[in-house]
Amino acid sequence: MGAGSMRAARRSSTLAAVLAVVAAVCLLWLPARADAILYDRLDPEQNGTLTVSLVDDGVGVEGAELSLFRVADISSDAHFTLADDFVAYPVNLTGLDASEWRAAAQTLSAYAARDGIVPAATVSTNAEGAASFGTVSAGLYLVVANPVEVGNVVYTAETTLISVPGLNDDGTWSYEVVADAKFSTEPAPTDIVVRKVWADDDDAASDRPQSVTVQLVGDGSVVDEVTLSSANGWQHEFKSLDGSVTWQIVEKDVPEGYTVSVDREGATFTVTNTIKTPPNEEKPPAEKLPQTGLLWWPVLPLLLCGAGLMLFGWYRRRAHRGRS
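The structure contained in this document is the topic of the report that follows. One numbering rule holds for all chains: residues counted from 1, following each sequence as written. Local features in a predicted model are, by the rule used here, given only for residues with pLDDT of at least 70; side-chain atom pairs are given and counted only at 80 or more, and totals for whole chains, interfaces and linings are based on all residues. The side-chain figures draw on all heavy atoms in the structure; neither hydrogens nor water molecules are used.

## Remarks on the pattern of salt bridges
So, point 1. A pair is scored as a salt bridge if a Lys or Arg side-chain nitrogen falls within 4 Å of a carboxyl oxygen belonging to Asp or Glu. The tally for this structure, following the rule as stated, stands at six salt bridges.
So, point 2. Here Glu265 makes a salt bridge to Arg102, at a shortest N to O gap of 2.4 Å. A residue pair is termed long-range when its members are at least 10 positions apart, and Glu265 in strand 21 (residues 258-265) and Arg102 in helix 2 (residues 98-115) qualify at 163 residues.
So, point 3. A salt bridge links Asp115 to Arg114, with the shortest nitrogen-to-oxygen separation between them at 2.8 Å.
So, point 4. Three or more residues are tied together by salt bridges with common partners; here these are Arg70, Asp73 and Asp84. Secondary structure counts use DSSP, requiring at least four H or I residues in a row for a helix and at least two E residues in a row for a strand, with both numbered from the N terminus.

Have a look at this one:
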């Protein structure tokens, strides 16, 4: 191989190595920029419609009573702010994933039941399992259902939060929202466990209160309350409860500087207190609810990678012509 060919080969190898590094940086940069998503703007002044369906294996569940509460306003960039009867509750609606949205729904539902908040509307599902709430303003809605027995099966629809408008698969907003309710047919537990979790750092541990009080709410009435502390391992079990009653847990007085989330899994209620995020450090809305599908943050690194590969291809062709 001649000296010219060897130099060309070295230059080609060097360029390939540089481009490999650029490509690696691009790939590392992509997930790191996942928080820089640009959202489609929505119109918070535009009304929409909301229909919730309860269907089991293609068959509608008729007669389920669904209550609708408007819990938050929605901004043009898809941020929620608690509103109306829910404005004072220390519940976070920013940067949540799917499980955290479920816990937020359960938490707000328990407060609504305990404090006797009147729903904006109550509708029963029809023969197709659909409950139409008609025209509603833009915002975040809480849907709470009473258990219903159909053919010796008791259906309990999961309490859920639904955004109006909702998000289409193509990243556009839909003001005609149709949501499918998840449900359970398991019997209600008669023994339930409540446990306390602190979601903060070690530096804040010394500032935590020595105890908290949680309330046992049955069909909207407080029937018992218990103090959780290190003395009982931040845990308590309520036994021999009436299985026909809807049981919920509420933290009576949320510690200053914290938000609260109550998540139920089976017969266990986990009460989590999280340090409030400073306003200038708030996370953007999570991809689960709601989120546009238009992600602009990958454009720049992908263009850089593409340009680099085009440059490499041009150089290889030029070097090949030079050797011919």
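Let's pick the thread back up.
## A closer look at the layout of surface pockets
So, point 1. Cavity: a set of points on a 1 Å grid over the protein atoms alone where a 1.4 Å probe fits but cannot get out. Pocket: an open set with protein on both sides within 12 Å along at least five of seven lines, its lining residues, like those of a cavity, having an atom within 4 Å of a point. Grid points are joined across faces, edges and corners, and a volume is the space filled by probe spheres set on the points. Computed from the structure, the largest pocket encloses a volume of approximately 1,300 Å³.
So, point 2. Contributing elements (two or more residues each) for the lining of the largest pocket: strand 4 (65-74), helix 2, strand 8 (139-145), strand 10 (153-157), strand 15 (183-184), strand 20 (247-251) and strand 21.
So, point 3. The element best represented in the lining of the largest pocket is helix 2, accounting for six residues.
So, point 4. For the lining of the largest pocket, the residue count by class is 21 nonpolar, 15 polar and eight charged. Polar here means any residue other than Ala, Val, Leu, Ile, Met, Phe, Trp, Tyr, Cys and Pro, which are nonpolar, and Asp, Glu, Lys and Arg, which are charged; Gly is therefore polar.

## Describing unusual backbone geometry
So, point 1. Cis geometry is found at the peptide bond from Val164 to Pro165, where omega equals 5°.
So, point 2. The backbone of Asp57 sits at a positive phi, close to 55°, despite the residue not being glycine.
So, point 3. The cut-offs for exposure are 20% and 50% of the maximum accessible area for each residue type, with area from a 1.4 Å probe on protein chains only; residues under the lower value are buried, those over the upper are exposed, and the others partly exposed. Among the residues examined, Asp57 registers a relative accessible area of 77% and is labelled exposed.
So, point 4. Phi is positive for Asn152, which is not a glycine, with a value near 70°.
So, point 5. Relative to the elements of secondary structure, Asn152 occurs in the loop between strand 9 (148-150) and strand 10.
So, point 6. On the basis of relative accessible area, Asn152 is assigned to the exposed category, the value being 72%.

## So, helix 2
So, point 1. Multiplying one less than the number of residues by 1.5 Å gives the expected span of a helix. For helix 2, with 18 residues, the first-to-last C-alpha span of 26 Å sits near the 26 Å given by 1.5 Å per residue.
So, point 2. Looking at helix 2, one finds that the buried residues are Trp101, Ala103, Ala104, Ala105, Gln106, Thr107, Leu108, Ser109, Ala110, Tyr111 and Ala112.
So, point 3. By the convention used here, residues are in contact when the closest approach between their heavy atoms is within 4.5 Å. Check the buried side of helix 2 and you find it contacts strand 4, strand 5 (80-82), strand 8, strand 11 (160-164), strand 20 and strand 21.
So, point 4. Looking at the residues trailing helix 2, positive phi occurs at Gly116, about 65°.

## A word on the sheet that holds strand 20
So, point 1. Pairing between strands is defined by DSSP: at least two bridges between the two strands are required. Taken in spatial order, the three strands of this open sheet run 18-17-20, and their pairing is antiparallel. Of all strands in the sheet, those with a lone pairing partner are strand 18 (221-229) and strand 20, marking the two edges. Pairwise comparison of adjacent strand axes, ignoring direction, gives a mean angle of 25° for this sheet.
So, point 2. Axis lines are fitted through C-alpha atoms, for helices just across the contact stretch, and the angle between N-to-C directions can take any value from 0 to 180 degrees. Along the sheet, helix 2 makes contact with strand 17 (211-218), strand 18 and strand 20, crossing strand 20 at roughly 95°.

## Digging into the nonpolar core
A general trend in soluble globular proteins is that nonpolar side chains are found buried together.
So, point 1. The biggest cluster of nonpolar side chains holds 49 residues, and the ones touching the most others in it are Val71, Phe86, Leu108, Leu161 and Ile249.
So, point 2. What Leu108 contacts, discounting residues up to four positions off in sequence, is Val71, Leu82, Phe86, Tyr89, Val91, Leu142 and Leu161.
So, point 3. Among the buried residues, those of types Ala, Val, Leu, Ile, Met, Phe, Trp, Tyr and Cys that are joined through side-chain atoms within 4.5 Å form a nonpolar core. One finds Val61, Ala145, Val148 and Ala157 within the second-largest nonpolar core, a separate group that totals 21 residues.

## What to know about the side chain of Thr107
So, point 1. By secondary structure assignment, the location of Thr107 is in helix 2.
So, point 2. We classify Thr107 as buried; its relative accessible area is 2%.
So, point 3. In this structure Thr107 touches Val91, Val260, Ser261 and Val262, once residues within four positions along its chain are discounted.

## Quick notes on the packing of aromatic side chains
So, point 1. Pairing of aromatic side chains here covers Phe, Tyr and the six-membered ring of Trp, requires ring centres within 6.5 Å, and sorts the geometry by plane angle: under 30 degrees stacked, over 60 edge-to-face, intermediate tilted. Per the counting criterion, the structure on display carries seven aromatic pairs.
So, point 2. Summarising the aromatic geometry, the rings of Tyr155 and Phe183 are spaced 5.4 Å apart at their centres and angled 65° between planes, so their arrangement reads as edge-to-face. Of this pair, Tyr155 sits in strand 10 while Phe183 sits in strand 15; the two residues are 28 residues apart in sequence, bridging distant segments of the chain.
So, point 3. With relative accessibility at 29%, the residue Phe183 sits in the partly exposed group.
So, point 4. Taking 5.3 Å as the distance between ring centres and 70° as the angle between the ring planes, the aromatic pair formed by Trp198 and Tyr258 counts as edge-to-face. Of this pair, Trp198 sits in strand 16 (residues 192-199) while Tyr258 sits in strand 21, and the two are 60 residues apart along the sequence.
So, point 5. Among the residues examined, Trp198 registers a relative accessible area of 14% and is labelled buried.
So, point 6. Exposure remark for Tyr258: the relative accessible area of 6% places this residue in the buried category.
So, point 7. Through a chain of ring-to-ring contacts, the aromatic side chains of Phe69, Phe86, Tyr89 and Tyr111 assemble into a single cluster.
So, point 8. Its end group placed over the ring of Trp198, Lys196 keeps NZ or CZ at 3.9 Å from the ring centre. Two limits define a charge over a ring: the Lys NZ or Arg CZ must be within 6 Å of the ring centre, and within 35 degrees of the ring normal.

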